[in-house]
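Fold and contact review
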Amino acid sequence: MKFKSPQENYESSKKAVGYICREDAKQEDYDKMGFRSGLEVHQQLAVDRKLFCHCPTGIYQKPNEYDAEFLRHMRPTLSELGTYDGAALMEYKTKKQITYRISTQTACTYEMDEAAPFAINPQALQYALRIALLYKFNIANETHIIRKQILDGSFPTGFRRTAILGIDGEIKLENKKIKLTQINIEEDACREISDIKHSRIFSTDRLGTPMIEIVTSPDMKSPQETMDVCNHIRFMNRSTEEVKTGIGSGRQDINVSCTGGSRIEIKGVAHTKWIPNLTHNECFRQWALLAIKNILNQRTNKEKWEINSVKLNPCDFNFNYAPLCEAIERKEKIHAVNLPHFKGILSHFTQPNKTFYDEYTHRLKVIACLERPNIITSEDIKNKIDTQILEKIKNQLQAQENDAQLIFWAPDADVEIALETIKERSLMAFDGVPSETRKACPDGTTIFERIQPGVDRMYPDTDTSPIPVDNKLIEKLSQDLPDEIHLRYKELKKHKVPTDCYPYIFTHNYIPIIRNISNELNYDFKTISIFFGHKIKHLHGQYKNIPFDIQRIYDLFAFLKNKKLDIGIAYCMLKQMFIHPKMDFCSILNTLNFKEIKKQEIIDRISFIQKKFKPTRSETSDKDKINSIMGQLRNMGVGNINLSELSEHITI
């Protein structure tokens, strides 16, 4: 076959797959591919101590702030059905040495897996149950703690304690309902500090923090809808004021598939605004892998397909690629691998600025622990190897015209796993989309993280007893639940509040205080909503590190009402409230040099200013004259008279 350059092959395969930018994609494009998505939304609960011990939550140490370290080597165990979980076996292959850094301030013998769990935190359980009721889940009458095997090192025990609290909930969007399959209460994981080669380091400060997990059905049919549902759930959680907010307190896993593809889990997405690009690109990645599957199966038979490899002697080649030269200096082994019938596959488009050979390099990083960059291929977009050297390697491999080649370097102990990983991923290409967990990148693409875990990793916890859920408790928790987010959307829409105010208001759960100011102090709902959605948001961005009591906003408007001052002074006062959080309102007015002046006195000055008006340009419009007069009266008018009302008194 005639082969184009890697760059040309990338572009032509991208076109053949039909990739389009998310901004240009329409619903019919996603319907054509069979886009489906579901969510697992995690949110920490606003409690002071951890789920199964009495250590405090919300205290985070820097990487070098710890009192002791301990080591773990994870090994998989048989499930009750006598099988091993695939993800656990993969982690075992990595031969990772797990180091945990602990501080006596945030961890105890429970975190170290040296003591049995305490009774479950009752406040955390009640918070989780109340949130479950908000989503109309059917609550289980008995809570059973189960163990979920996790061998990536994020839990020193090798498992996470979790419990299903309810099933079959729902949320309402404007035009459809989204089914929720279950809500769980569980422990948060350790925070990863570093992951280099065969060494992984964690901090245990976050470990054990109570959190909820809300799982949806795969009901979302577009990337935008997936983000909207995720925001809806986050806003609902925050409306209870029983969850933590801020960086690290919430994250979500996104499940994505297309027709003919597999369920791919994108793990630990920290920002909801990443969701549209991530899900869009993942759907097209699967679409591209299905195209690769068709190409390979037309070329050859998987059952007869086999790689061959040779160990290269560095002295026989004049390599000039820096990472490879550095590996040679470290005495690492250099191996070349021939992939029969893979010509044009390695440079085939998979994601924006990523090709199929990226599928190898990230698996080699995770499974064989080869730090990137770890391979050169015969189809690199940017040439990393001289053509003559590549031809010499092809001869050693006895490669055919339609083959492709990989060159990797590794310590001797990792070579076997690396070869096994390359072969395994190559064979997967014949079947299409391997089921796996992937890590989100800020640019909207994903990289391999681990094999998709199965049901074999779940088993009952032998250290805890079932927890009865009393009906009287459920009745008590059902009282005074916040209204659903779709009703709040309707309320803002009814009052014609600008839509760019919605996210900030919902994120910070400001609807209740906006209602109070509007209803109790008789201010216009739309005006107050815009004040929160624009003015407060702007100042929050400027003074983000200054603690601020939002309830003072109610006091501010009550003060203005009592003093019969116009709302126009509120923003000027608000800025001073951020700068001086404890200053009283009268002192703030003094800081602003504000003077109370009667409305009529300000209006009477209009005619005097008009008489003195002298245009500075030959062509001066009536609007220019009004703006000039308003400019001279503004400082006097702010707080004393509504400026729109004042402008109506100006006649030209």
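Check the entry above for the structure.
Structure report, in brief. Please read these numbers as outputs of a predicted model, since none were measured by experiment.

Bringing the nonpolar core into the picture now. Of all hydrophobic cores here, the largest spans 139 residues; its most connected members are Leu339, Phe342, Phe408, Phe532, Ile553, Phe557 and Leu560. Once residues lying within four places of it in the same chain are set aside, the contact partners of Leu560 are Tyr523, Leu565, Asp566, Ile567, Ile569, Ala570 and Met573. In terms of nonpolar packing, the next biggest core, distinct from the first, is built from 16 residues, Leu312, Tyr321, Leu324 and Ile407 among them.

Glancing now at the sheet that holds strand S18 (residues 375-377). A sheet is described by the order of its strands in space; here 4 strands give the open sequence S14-S15-S19-S18, paired in antiparallel fashion. Only two strands of the sheet have a single partner each, and these edge strands are strand S14 (308-312) and S18. The average undirected angle you get between the axes of adjacent strands in this sheet is 20°. Bridging between S14 and strand S15 (residues 333-339) involves 5 bridges; their strand directions are antiparallel. Bridging from a neighbouring strand, Asn308 pairs with Asn338 of S15. Along the sheet, helix H7 (residues 322-329) contacts S15, S18 and strand S19 (404-410); its crossing angle with S19, the most-contacted strand, is approximately 45°. Its contacts with the sheet put helix H9 (residues 387-397) on S14, S15 and S19, and the angle it makes with S14 is roughly 125°.

Time to look at the packing of helix H14 (residues 511-521) against helix H15 (residues 525-542). Packed helices, taken two at a time, are described by the angle their axes make and the gap between the axes. Running from N to C, H14 and H15 cross one another at 140°; their axes reach a closest spacing of 9 Å. The angle between H14 and H15 falls in the class oblique. Considering the relative orientation of H14 and H15, their crossing is right-handed. On H15, the residues that touch Ile513, Ile514, Arg515, Ile517 and Ser518 of H14 are Phe525, Ile528, Ser529 and Phe532. The class makeup of the residues in the contact of H14 with H15 is 6 nonpolar, 2 polar and 1 charged.

Cut-offs used in this document
- Residues numbered from 1 in each chain as written.
- Predicted model: local features only at pLDDT ≥ 70, side-chain atom pairs only at ≥ 80, totals over all residues.
- Heavy atoms only, no water.
- Core = buried A, V, L, I, M, F, W, Y, C linked by side-chain atoms within 4.5 Å.
- Buried < 20%, exposed > 50% of the residue type's maximum accessible area, 1.4 Å probe, protein only.
- Contact = heavy atoms within 4.5 Å.
- Pairing = 2+ DSSP bridges.
- Helix = DSSP H or I, 4+ residues; strand = E, 2+ residues; numbered from the N terminus.
- Axes fitted to C-alpha atoms, helices over the stretch in contact; angles between N-to-C directions.
- Parallel < 35°, antiparallel > 145°, perpendicular 65-115°, else oblique.
- Left-handed = near helix turned anticlockwise from the far one by under 90°.
- Nonpolar A, V, L, I, M, F, W, Y, C, P; charged D, E, K, R; others polar.

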